[in-house]
Amino acid sequence: MTRSRSVLERLREQGGEVINKISDEVMSSEYFAKAMQGAMKGKEMVDHAVGKALKQMNIPTRTEFRRAVSRIEQLERELAEQKAAAVKPKPRPRKPKAG
């Protein structure tokens, strides 16, 4: 078992080195950089188109939804504070003890 384990460990290390070498080569490629720029531009265009379509259908975007949820949570906290302040019992005047 020890020998097979050490062989597996060496294979894993060599695999990691190969993957690192390949990724370094890919990242340094100008073609890869251009492809990534194109992909990012495409994503921006899709995001814009989706936002526009959602707006036309009167559906909130993720940002608008998060903003609304945040505002609702803020209003809930304020209401809870006001309820807590209204529920506090008023101090009763003390009656003098007889006797």
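This text gives an overview of the structure that appears in the document. (Residues numbered from 1 in each chain as written. Predicted model: local features only at pLDDT ≥ 70, side-chain atom pairs only at ≥ 80, totals over all residues. Heavy atoms only, no water.)

Quick notes on a nonpolar patch on the surface
Then, number 1: Where nonpolar side chains cluster on the molecular surface, the patch consists of Val7, Leu8 and Leu11 and spans about 270 Å² of accessible area.
Then, number 2: In this structure, Val7 sits in helix H1 (residues 2–28). (Patch = residues over 30% accessible without salt bridge, like charges linked within 9 Å, V, L, I, M, F, W, Y side chains within 5 Å. Areas by Shrake-Rupley, 256 points an atom, 1.4 Å probe, with all protein chains shown as cover. Salt bridge = Lys/Arg side-chain N within 4 Å of Asp/Glu carboxyl O. Helix = DSSP H or I, 4+ residues; strand = E, 2+ residues; numbered from the N terminus.)

A closer look at helix H2 (residues 30–56)
Then, number 1: In a regular helix each residue adds 1.5 Å, so 27 residues correspond to 39 Å; H2 covers 39 Å between its end C-alpha atoms and thus fits that length.
Then, number 2: Near the N-terminus of H2, the side chain that reaches the backbone nitrogen of Tyr31, with its oxygen 3.2 Å away, is that of Ser29.
Then, number 3: Within two residues after H2, Asn58 carries a phi angle of roughly 60°, on the positive side. (Expected span 1.5 Å × (residues − 1). Polar contact = N/O pair within 3.5 Å; in protein donor to acceptor, adjacent residues only side chain to side chain.)

Quick word on the environment of Glu81
Then, number 1: For Glu81, the location among the structural elements is in helix H3 (residues 62–87).
Then, number 2: Accessibility expressed as a relative area gives 56% for Glu81, which makes it exposed. (Buried < 20%, exposed > 50% of the residue type's maximum accessible area, 1.4 Å probe, protein only.)

Comments concerning unusual backbone geometry
Then, number 1: Phi angles above zero are rare outside glycine, and Asn58 is one such case at about 60°.
Then, number 2: For Asn58, the location among the structural elements is in the loop between H2 and H3.
Then, number 3: Given the relative accessible area of 70%, Asn58 is considered exposed.

Here we look at the environment of Glu76
Then, number 1: Examined against the element boundaries, Glu76 turns out to sit in helix H3.
Then, number 2: Classification of Glu76 by relative accessible area gives exposed; the value is 51%.
Then, number 3: On a C-alpha basis, the gap between Glu76 and Arg12 in space is 54 Å, while along the polypeptide they are 64 residues apart.

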